[in-house]
Amino acid sequence: MRDLLDKSLVNLDPNKVREFEFFLKEYIETANAGVDVSKASVFYALVIQPAAMFMALTNQNVDAFRRNSSLQEVLNLPEAADPQIVQALLSNFGVEYREGSNAVGIVHVFLVNNAVTTIPRGAVVTHGELSYRTTTTTIGVPSRDLVSRDTDALIQQAETGAYYFPIPVRAENPGEEYLVTQGSSMFLQNPPTNYVSARAAEDFRGGEDADTALDLVERLEGGISGKTTASRVHVKALVEEQFPSVRHGSVIGMGHEAMTRDRNNIFRISYGGKSDIYLQTEARPLREVVTKTAKLVNAATNTWQVSFSREEFAGVYFISRVVPKGSTDLGSLAITNRVPGVDLSPIEGFTPTFSHNHQAAFSAFQTFTVEFVDTSPVPHGSEVFTTTREYDLTLVVMPHIQAIQEFIADPWRGSFRYDDVVRAPIPVFVSLNIHLRVPPGATYSTSAIRDSVVRRVNDLGFTRSLSSSVIVDAVHDNLSQGASVIMPVDMYGELVNPDTREREVFRSATNLTVPERPELGITNDTVMFFVLPDNVDIVVEAR
Amino acid sequence: MFFNGYSFDSGNVIIEMMGNFWAKWFGDQRTLGNLMDGLGSLYYETFNLTEETFNTLSKDTVPLFHLRPCKLLELVHGETALKLLDKYGEGNEYGNGLQYGMRTQGSEFAYTLPEGLVGCTHLYNRVTNPGLVLTDGDDFTIQDGVIRFVRDPEKNPAISKLEENGTVILRLWARNAKEDKEFIWNHFGYVLHIWMKSSEHYRKFISALWDVVVQGPSRAAVQIALSAVTGVPFAVGDETVEMVTTSSNRLVVVTDKNAYTFRPGATPLVEEGDHLTFGQEIVDTVRVIASLEDAAWQVIPGMGVGPRMAGGGTSVVMENSTVDLEYYGRDAEGRTMVRFQVRGEPADVEAFWRNVHREGIRNGETFANLLDTRAVKVGQPTEMDLPETVNPMEFLLSQFLVNNAFIISVKPEHFAKGAPGLGFLTHLQRRLPAHTAFIIFVETSGRNDYYEASDLVDSAAFGKGVAPPTDSVDAVVDVGPVFSLIPENCR
């Protein structure tokens with residue numbers, strides 16, 4: 001630990017020493033005008049000056065002791081905060097410094113042939129300047145009967161004809177910038193001879209930045225809070241302690257215009273007792289691919305149906321893509337019908353009150369049925385509701401919603417009188433078109449700009465309004481002098497309607513605002529904007 | 001020698017302790033005495049600083065200000081030109097000869113103070129045996145980092161002046177100087193993200209909310225927080241009232257353990273001989289009504305139901321008076337329809353009752369069915385089967401709100417001077433259960449308004465005997481439900 005107390009006279013505040021000198025000189029002069037206390041005097045040199053200096057030093061050290069007992073003051077000191085002091089102060093609040101976490105994910109390695117292929121543990125996979133390493137040795141094998149260990153992976157054939165198998169990777173460093181999205185191109189260093197390419201098989205998850213000073217201060221109240229559902233701050237503390245990936249939360253309760261669950265009475269007046277806990281549980285929603293068995297429901301229209309239980313659909317916003325199992329084609333089969341539902345069987349003994357499906361949207365109680373058209377020929381003799389096929393469906397989901405609902409509803413935490421439903425924020429998915437002008441020869445990184453924009457938007461917290469100035473500000477953090485953003489910035493937002501689960505489109509060049517509809521829970525306290533990296537288009541013009 | 005109270009700041013005591021040579025034989029006792037006085041005074045300042053540092057360890061003792069017995073003040077001529085104009089919030093009353101933007105008396109002799117200096121009792125021209133003593137309030141005032149003299153200090157020959165590079169600097173000593181180092185904010189307030197100007201109210205508010213956070217939202221902590229934002233104390237408890245006395249500038253309630261001071265005009269709720277329990281209301285300035293058993297609700301003239309409380313876009317007011325239950329005949333399906341008088345815009349009132357009937361149909365029992373007094377409820381009730389009258393506000397409270405809402409009834413004109421005010425209750429609201437709400441009833445001398453707080457930001461307003469105003473009173477901004485990793489804007 002750094003020495004808190006100053007033993008040297010070198011760093012003394014000269015104004016303070018001067019003030020003490022004045023004080024002593026005036027004290028003596030006033031009483032005895034004959035005494036020489038000028039700077040050239042012996043009195044000054046031997047008595048006044050040393051006394052003033054030592055007094056200033058003592059006071060400075062006492063003040064340093066006080067300042068170092070406050071995290072706020074420690075973080076505001078001109079010199080870098082001593083980590084040990086910060087740690088010691090945090091311990092008073094039961095808070096620990098988080099060093100960040102490394103993103104993890106699955107990468108598909110594409111091959112020219114279906115031959116046994118080994119990717120050793122620690123192999124380096126890159127995405128631009130970001131570096132990952134495989135966490136296990138994976139052996140791709142050409143047939144299922146050769147799969148004998150957990151680390152064996154079956155090589156599959158994509159519709160393009162290429163062969164691929166999955167390998168698990170982990171980012172080399174902690175940080176949110178390592179959260180690549182599904183489909184991102186990756187590069188395998190020292191690849192096998194039959195290697196073609198590599199691609200992220202899913203959205204990576206888990207990558208978190210190390211705590212900043214602001215993060216630490218923000219967490220102090222949660223540190224001393226009782227970890228209960230007693231109030232909004234207590235809920236925050238409870239959830240964040242158990243689920244540190246939670247970024248933002250908003251607790252809606254009695255009297256909030258979005259709280260419609262407590263108005264099940266003839267006067268439609270809030271009577272309390274219920275809360276909706278909206279949580280952003282990761283930096284951004286994730287895309288997850290699940291394979292489901294679909295039933296043919298209409299042979300004439302080639303319509304197929306897939307149903308999701310609430311466990312499968314907890315926190316899911318929408319289905320972004322439906323393709324035959326294993327297909328790597330771009331695009332999706334056409335979704336023709338969406339039927340949201342509610343499963344009210346108890347979770348940990350808790351059954352919430354819903355009077356309408358939209359009240360359960362994006363929660364752990366929602367269920368979903370989707371219908372889509374697959375024009376590929378239906379086998380002869382197929383029967384409706386009997387014939388099945390397997391499809392890969394990509395879900396856009398805010399993870400952990402079910403786990404947090406179970407945690408909150410646990411009998412040791414939940415209360416008989418409280419009706420607390422955990423929900424993912426009502427989302428607006430944003431696409432951006434950013435046009436930059438940079439001086440010839442200037443250096444810039446579109447990936448850094450994209451990352452900065454994505455972080456800024458996804459970290460806005462709850463709001464119905466996204467200003468283009470937020471985007472411009474984030475871009476400028478990564479531009480050198482002379483570069484500029486050509487206005488306007490094209491912002492395109494898709495709100496997932498909590499009632500219909502259809503996507504409603506909004507567009508603006510200045511301020512992307514979603515109208516308030518409290519009857520559907522769409523308010524400033526429940527809506528969040530999300531942007532995925534591949535939805536940020538950056539065009540650069542060198543001039 | 002003007003510092004006292006401790007032996008180490010007394011030159012004579014120090015000399016006595018130095019031994020016979022210095023105390024009896026040394027020739028220049030006067031100079032020695034002054035030197036020891038001066039040194040002792042500096043040690044006193046260090047002692048003060050140390051004591052303050054100790055006190056910052058507790059939320060209940062954290063000092064409001066850093067106190068300095070004597071602080072050198074160097075005032076630079078001409079530095080304040082841009083800061084002289086008076087602003088709103090500085091306590092000026094405009095319109096009576098004074099116009100906004102106009103300089104008040106003394107503004108012309110104004111100087112910027114060192115950062116953090118918020119006050120002092122006197123200004124001396126010398127550190128000891130001063131020939132000039134200026135008194136706060138009479139000769140100068142300090143506000144918002146500016147000191148304003150009644151007379152031009154630069155023309156006062158007793159004040160020493162320096163001239164450095166053509167700039168005139170006045171040198172004075174500020175006695176009992178208060179420096180705002182924001183101890184409360186820097187040691188406790190920042191944890192809760194609540195900033196106020198340093199004050200006793202701020203300290204009490206932070207302390208109360210800290211207890212809410214650590215221990216949960218107890219009644220006691222809520223009352224202490226209310227006391228902090230209004231400056232109106234509740235009883236400490238286990239004490240007996242010995243005297244209730246009123247003067248022109250205050251009401252004082254004396255018990256065998258405490259003396260409680262209130263603004264004049266506050267109505268005492270206790271009298272001599274009363275035994276007080278913890279949290280008991282002593283005056284009617286701030287009252288917490290959590291049960292219909294508490295007769296205090298009966299003085300509330302009405303209660304509004306706005307979009308936040310009832311959804312939709314309507315606002316109606318339910319009066320606290322007995323009104324007739326109005327029989328509206330039957331609807332097309334033969335269901336009995338009844339209403340009682342609620343106030344508001346006619347379209348809102350109509351929409352309100354239409355919704356009530358529709359919800360009743362949806363739920364299988366209309367409002368009339370619910371009010372049916374028959375023991376055996378067969379068929380639709382007739383007019384004779386229904387109560388004749390109803391108290392709308394009591395109905396609202398007893399049927400809907402009583403379980404999870406409570407009322408805070410306040411008279412702001414009797415709040416303590418300098419009290420932060422109700423706006424800060426939003427911080428309390430964040431720390432109360434989301435499943436509950438509080439409703440604030442504000443009684444002013446001219447008119448009674450009420451508004452809903454906690455989540456209930458919107459409201460209808462209510463006026464005794466007059467039609468409800470169309471505007472709403474948004475006195476409390478609800479930032480409560482939101483939490484995030486990025487601190488809200490607390491400063």
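**Observations regarding the overall build of chain B**
Next, step 1: When you go through chain B residue by residue, the secondary structure sums to 11 helices and 24 strands.
Next, step 2: Burial analysis of chain B (491 residues in total) assigns 53% to the buried set.
Next, step 3: Taking the intrachain contacts of chain B between residues at least 6 apart in sequence as the baseline, contacts between residues at least 24 apart amount to 58%.
Next, step 4: Total accessible area on chain B is roughly 22,500 Å²; 51% of this is exposed by carbon and sulfur atoms.

**Section: the sheet that holds strand 18 (residues 336-340) of chain B**
Next, step 1: Taken in spatial order, the three strands make up an open sheet running 18-17-20 (chain B), and their pairing is antiparallel. Of all strands in the sheet, those bounded by a partner on one side alone are strand 18 and strand 20 (389-390) of chain B.

**A few points about the sheet that holds strand 25 (residues 527-542) of chain A**
All names here are of chain A.
Next, step 1: If you walk across this open sheet you meet the four strands as 23-22-20-25, and the pairing is mixed. The two strands at the open ends of the sheet, each matched to only one other strand, are strand 23 (503-508) and strand 25. Across the sheet, the mean angle from the axis of one strand to that of its neighbour is 15°, orientation sign disregarded.
Next, step 2: Pairing analysis gives nine bridges linking strand 20 (residues 426-438) to strand 22 (residues 484-496), with the strands arranged antiparallel. Paired with R437 across the two strands is S484, which belongs to strand 22.
Next, step 3: On top of the sheet, helix 9 (residues 446-458) reaches strand 20 and strand 25; it is set at about 155° to strand 25, its chief contact.
Next, step 4: Contacting strand 20 and strand 22, helix 10 (residues 468-476) runs over the sheet at an angle of about 125° to strand 22.

**Notes on the packing of helix 1 (residues 14-31) of chain A against helix 2 (residues 42-67) of chain A**
Residue and element names in this part refer to chain A.
Next, step 1: For the pair helix 1 and helix 2, the least separation of the axes is 8 Å and the interaxial angle reads 135°. Taken together, helix 1 and helix 2 sit at an angle that is classed as oblique. For the element pair helix 1 and helix 2, the recorded crossing hand is right-handed. Residues K16, V17, F20, E21, L24, K25 and I28 of helix 1 form the contact with helix 2, whose participating residues are F43, Y44, I48, Q49, A51, A52, M53, M55, A56 and N59.
Next, step 2: For the contact of helix 1 with helix 2, the class distribution of residues is 12 nonpolar, two polar and three charged.

**Notes on a nonpolar patch on the surface**
All names here are of chain B.
Next, step 1: A surface patch of nonpolar side chains, amounting to about 460 Å² of accessible area, comprises M18, F21, W22 and W25.
Next, step 2: Broken down by element, the nonpolar patch gets its largest block of residues, three residues, from helix 2 (residues 20-25).
Next, step 3: Relative to the elements of secondary structure, W25 occurs in helix 2.

**Regarding helix 6 (residues 232-242) of chain A**
Next, step 1: With respect to burial, helix 6 of chain A is a largely interior element, nine of its 11 residues being buried.
Next, step 2: For helix 6 of chain A, the full list of buried residues reads R232, V233, H234, V235, K236, A237, L238, V239 and E240 of chain A.

**Some points on the confidence of the model for chain A**
Next, step 1: Overall, the prediction assigns chain A a mean pLDDT of 91, with 100% of residues at 70 or greater.
Next, step 2: Confidence, expressed as mean pLDDT per element, reaches its minimum in chain A at strand 7 (residues 156-157) of chain A with 86 and its maximum at strand 17 (residues 366-373) of chain A with 97.

**Topic: a negative patch on the surface**
Next, step 1: The grouping of E242, D256, E271 and E272 of chain B at the surface amounts to a negative patch.
Next, step 2: Topologically, E242 of chain B is positioned in strand 10 (residues 239-246).

**A look at the packing of helix 1 of chain A against helix 3 (residues 29-55) of chain B**
Next, step 1: The N-to-C vectors of helix 1 of chain A and helix 3 of chain B enclose an angle of 150°; their axes lie 9 Å apart at closest approach. Considering their axes alone, helix 1 of chain A and helix 3 of chain B lie roughly antiparallel with respect to each other. Crossing geometry of helix 1 of chain A relative to helix 3 of chain B is assigned as right-handed. Residue-level inspection shows F20, F23, L24, Y27, I28 and A31 of chain A of helix 1 of chain A in contact with helix 3 of chain B, the latter providing R30, T31, N34, L35, D37, G38, L39, S41, L42 and E45 of chain B.
Next, step 2: Tallied by class, the residues present in the contact of helix 1 of chain A with helix 3 of chain B amount to nine nonpolar, four polar and three charged.

**Describing the packing of aromatic side chains**
Next, step 1: Taken as a whole, this structure holds 39 aromatic pairs over all chains when the rule is applied.
Next, step 2: When the centroid spacing of 5.6 Å and the interplanar angle of 80° are considered together, the rings of F243 of chain A and F407 of chain A count as edge-to-face. Residue F243 of chain A is located in the loop between helix 6 and strand 11 (248-252), and its partner F407 of chain A is located in helix 8 (residues 401-409); the two are separated by 164 residues in the primary sequence.
Next, step 3: A centroid spacing of 6.2 Å and a plane angle of 75° characterise the contact between F350 of chain A and F365 of chain A, whose relative ring orientation is edge-to-face. In this pair, F350 of chain A is assigned in the loop between strand 16 (334-342) and strand 17 and F365 of chain A in the loop between strand 16 and strand 17, connecting sequence segments 15 residues apart.
Next, step 4: Overall, the relative accessible area of 11% leaves F350 of chain A in the buried class.
Next, step 5: Put simply, the rings of F267 of chain A together with F340, F352, W353, F367, F395 and F400 of chain B touch in pairs and so form one group of aromatic residues.

**Observations concerning the pattern of salt bridges**
Next, step 1: Counted according to the given criterion, the structure contains 56 salt bridges over all chains.
Next, step 2: Close ionic contact of R287 of chain A with D203 of chain A constitutes a salt bridge, the shortest N to O distance being 3.4 Å. Here the residue R287 of chain A occupies a position in strand 13 (residues 286-298), and D203 of chain A occupies one in the loop between strand 10 (195-200) and helix 5 (213-224), the gap between them amounting to 84 residues.
Next, step 3: Each of E19 of chain A together with E45, R68, K71 and E179 of chain B takes part in salt bridges that share partners, so that together they form one network.

What counts as what
- Residues numbered from 1 in each chain as written.
- Chains lettered and ligands numbered in written order.
- Predicted model: local features only at pLDDT ≥ 70, side-chain atom pairs only at ≥ 80, totals over all residues.
- Heavy atoms only, no water.
- Helix = DSSP H or I, 4+ residues; strand = E, 2+ residues; numbered from the N terminus.
- Buried < 20%, exposed > 50% of the residue type's maximum accessible area, 1.4 Å probe, protein only.
- Contact = heavy atoms within 4.5 Å.
- Areas by Shrake-Rupley, 256 points an atom, 1.4 Å probe, with all protein chains shown as cover.
- Pairing = 2+ DSSP bridges.
- Axes fitted to C-alpha atoms, helices over the stretch in contact; angles between N-to-C directions.
- Parallel < 35°, antiparallel > 145°, perpendicular 65-115°, else oblique.
- Left-handed = near helix turned anticlockwise from the far one by under 90°.
- Nonpolar A, V, L, I, M, F, W, Y, C, P; charged D, E, K, R; others polar.
- Patch = residues over 30% accessible without salt bridge, like charges linked within 9 Å, V, L, I, M, F, W, Y side chains within 5 Å.
- Salt bridge = Lys/Arg side-chain N within 4 Å of Asp/Glu carboxyl O.
- pLDDT = per-residue confidence, 0-100.
- Lys, Arg positive; Asp, Glu negative; His and termini not counted.
- Charge placed at Lys NZ, Arg CZ, Asp CG, Glu CD.
- Phe/Tyr/Trp six-rings, centres within 6.5 Å; stacked < 30°, edge-to-face > 60°.

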